[in-house]
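Descriptive structure summary
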Amino acid sequence: MAFQDFDQITERRRAERQQRIRKRIMIGAVSAFAFVVLVAGGGFAVASNSSHGGTQPASQTDDQQPAKTGISHVSRVIKLVCNSTDYEQQCENTLTKAVKTNPNLSQPKDLLKTTILAIADEIEKAMTKTTTFKFNTPSEKAAFEDCKVLVQDAMEELKESVSKVGRNSLGSLSSTTPDLNNWLSAVMSYQQTCIDGFPKGKLKDDMEKVLNVSKELTSNSLAMISELSSLLSTFQAPGHSRRLLTQESSSPTMDNDGFPTWMTNEDRRMLKEKADKPKPNVTVAKDGSGDYKTISEALAAMPEKYEGRYVIYVKEGIYEETVTVTKKMVNVTMYGDGSRKSIITGSKNFVDGLTTFKTATFAALGEGFIGKAMGFRNTAGPEKHQAVAARVQADRSVFINCRFEGYQDTLYAQTHRQFYRSCVIAGTVDFIFGDAAVVFQNCMIVVRKPLPNQQNIVTAQGRTDKRETTGIVLQNCRILPDKKLVPVKSTIRSYLGRPWKEYSRTIVMESTIEDIIHPDGWLPWEGDFALKTLYYAEFNNKGPGAKVDGRVKWSGYKVIKRQEATKYTVGPFLQGGSWIKATGVQVHFGLYN
């Protein structure tokens, strides 16, 4: 074939492809427009039919026709809303049943709220069904105790989600959509964590079965939010900024001192003080020179309804205790004399009979937690398998200059939005894991020497649904071997991550990877599980371990470009432009280069 003929064919194919793209865009725009018109028309029709009389055909009563018209409109809205979900029949059944009970549910916002309420109903039903289960072994009983805690967390965040949806009009949902995505992603994670706690067998299968409907409804809620986000951004009124609801809100208004206008006076005062050692409310000192000898005592003495930020200073010392910052303990700052000086340590582990969830030496659950210059250790050792140094569930949590030391499962970034700056995380197997939306920036990721029969895996991200807004991001970090691993590093394979769950998502960007990572880069979990559905990406890394020529050929693995990488920076991914800036922590919001 002549080159000229080839060029003509190529040009014709390009034109045909562009025409198909234009056609799809047109169909999408028309469908979206029909949706908006239908919603408006549906609301108008219901209102009109309830307010005005009219002559009905002889075969109908005066109120049959308005009711049918309203139901017809709502049915079409339900069809359109549910069309975006993965569990469409479940969506339609749930909403149709709700509309029969309450015909006034005519708007997409109402339908979203109804779906979220249905999640809570189904979780309650599931827990009622578990009363017939028999928990025969200590591990089964322990897993169920975890489930009860996790379900309570889920119910609280579903309640908050319903409240936020109810307080906003459809058009103003943009300001709360990141929160809704955040909470519902956590609800999905709580349910899966409940299931994962059980040993393999019939009981685990039964637990998964009873939670199946609530998980499907959680997925549907995330899908509905995504669809509403897309539609509202497409039909944004002229003169308004056009952006997706899932993106970060615009920067907050700042006062003359450079702080957000909404910040409390006490927080302003604190941030103006010396950043590393603000004035504490209480001091913990093992030698008795402070207000308390243990960190747990200091937390227990915290006022129930304290306004502002509560600061705990932990003097140098090794504190052998299990510490929990509960969900009620919000806006706690805990700082020490250095990550190698003020250390919380423990040795709880899986081999000794605890669930992974319960092995954490330190747990941060309260929103707005800040940890500075602290060390968190689990000294159980590699032979004890899962042994968590820190479990972080706290939304908008920040750790600066901290150190997390363990072996398998060192840092459990469980749920919500988390930011780590200039920290050290050391471990062997899956030592950064969980289902949070988390960015590690300027951190040292230290790969330790595992057991002789083990391989090292840095991350194991646990996203179970493709619409969860979660993932692990390593930005401008350094991945290197521990000094004990160096002499044998050529005999032990180490990888950047493996897919714990079906939609596992991890991004390594602008980082230095030393000659410790296997050329494949990434390791399968089992067979071909998740290899097509995961999202693993690398961008602009350097060092001998950063070469991508020999990387895995999975369809879910990508070497991404700058535009794609920007989505996973602190601003868009964590909506960190306001809450991280308000902490006074040094942070880089975009890409470095």
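All of the points below concern the structure found in this document.

**A few points about the layout of surface pockets**
Here the largest pocket is characterised by a volume of approximately 1400 Å³. Forming the boundary of the largest pocket are 43 residues, of which Gln192, Asp196, Lys204, Trp500 and Lys501 lie nearest the centre. Taken together, the residues of the lining of the largest pocket sort by class into 15 nonpolar, 13 polar and 15 charged.

**Some details on empty space enclosed by the protein**
Here the structure, examined in full by the defined rule, presents 3 cavities of 30 Å³ or more. The computed volume of the largest cavity comes to approximately 70 Å³. Per element, the largest residue contribution to the lining of the largest cavity is 4 residues, and it comes from helix α6 (residues 177–196). Of the residues assigned to the lining of the largest cavity, the class counts are 2 nonpolar, 7 polar and 3 charged.

**Observations regarding the pattern of salt bridges**
What the rule picks out here adds up to 26 salt bridges. In this structure, Asp179 and Arg417 form a salt bridge, with 2.8 Å as the shortest nitrogen-oxygen distance. Of the two residues, Asp179 is situated in helix α6 and Arg417 in strand β14 (residues 417–421); the sequence distance between them amounts to 238 residues. The same class applies to Asp179 as to Arg417, namely buried. Salt bridges sharing common partners tie together Lys164, Asp179, Glu367, Asp395, Arg396 and Arg417.

**Quick word on the environment of Phe362**
Tracing the chain through its elements places Phe362 in strand β7 (residues 362–364). Classification of Phe362 by relative accessible area gives buried; the value is 0%. The spacing of Phe362 and Gly346 is 16 residues in sequence and 8.6 Å in space, taken between C-alpha atoms. Apart from residues no more than four positions distant in its own chain, Phe362 is found in contact with Val323, Val325, Met334, Ile344, Phe369, Phe376, Ala389, Ala390, Arg391 and Phe399.

**Focus on helix α3 (residues 88–101)**
With 14 residues, α3 should cover 20 Å at 1.5 Å per step; its first-to-last C-alpha distance of 20 Å lies within 8% of that length. For α3, the full list of buried residues reads Cys91, Glu92, Thr94, Leu95, Ala98 and Val99. Down the axis of α3, the smallest arc covering the buried residues is 165 degrees, so these residues share one side. For α3, the exposed residues set more than 90 degrees away from the buried face come down to Gln89, Lys97, Lys100 and Thr101.

**Details of the sheet that holds strand β4 (residues 323–325)**
Reading across the sheet, the 7 strands line up as β4-β7-β10-β13-β16-β19-β22 and stay open at both edges, with parallel pairing between neighbours. A single partner strand is all that each edge strand has here, and the edge strands are β4 and β22 (494–497). Looking at each pair of strands side by side, their axes are set apart by 10 degrees on average, direction ignored. Relative to strand β16 (residues 429–434), strand β13 (residues 411–413) runs parallel, the two sharing 2 bridges. Within the sheet, the bridge partner assigned to Leu411 lies in β16 and is Ile432.

Rules used throughout
- Residues numbered from 1 in each chain as written.
- Predicted model: local features only at pLDDT ≥ 70, side-chain atom pairs only at ≥ 80, totals over all residues.
- Heavy atoms only, no water.
- 1 Å grid on protein atoms, 1.4 Å probe; cavity = no way out; pocket = protein on both sides within 12 Å on 5 of 7 lines; lining within 4 Å.
- Points joined across faces, edges and corners; volume = space filled by probe spheres on them.
- Nonpolar A, V, L, I, M, F, W, Y, C, P; charged D, E, K, R; others polar.
- Helix = DSSP H or I, 4+ residues; strand = E, 2+ residues; numbered from the N terminus.
- Salt bridge = Lys/Arg side-chain N within 4 Å of Asp/Glu carboxyl O.
- Buried < 20%, exposed > 50% of the residue type's maximum accessible area, 1.4 Å probe, protein only.
- Contact = heavy atoms within 4.5 Å.
- Expected span 1.5 Å × (residues − 1).
- Arc of directions from axis to C-beta.
- Pairing = 2+ DSSP bridges.
- Axes fitted to C-alpha atoms, helices over the stretch in contact; angles between N-to-C directions.

Keep in mind these numbers describe shape, not what the thing actually does.
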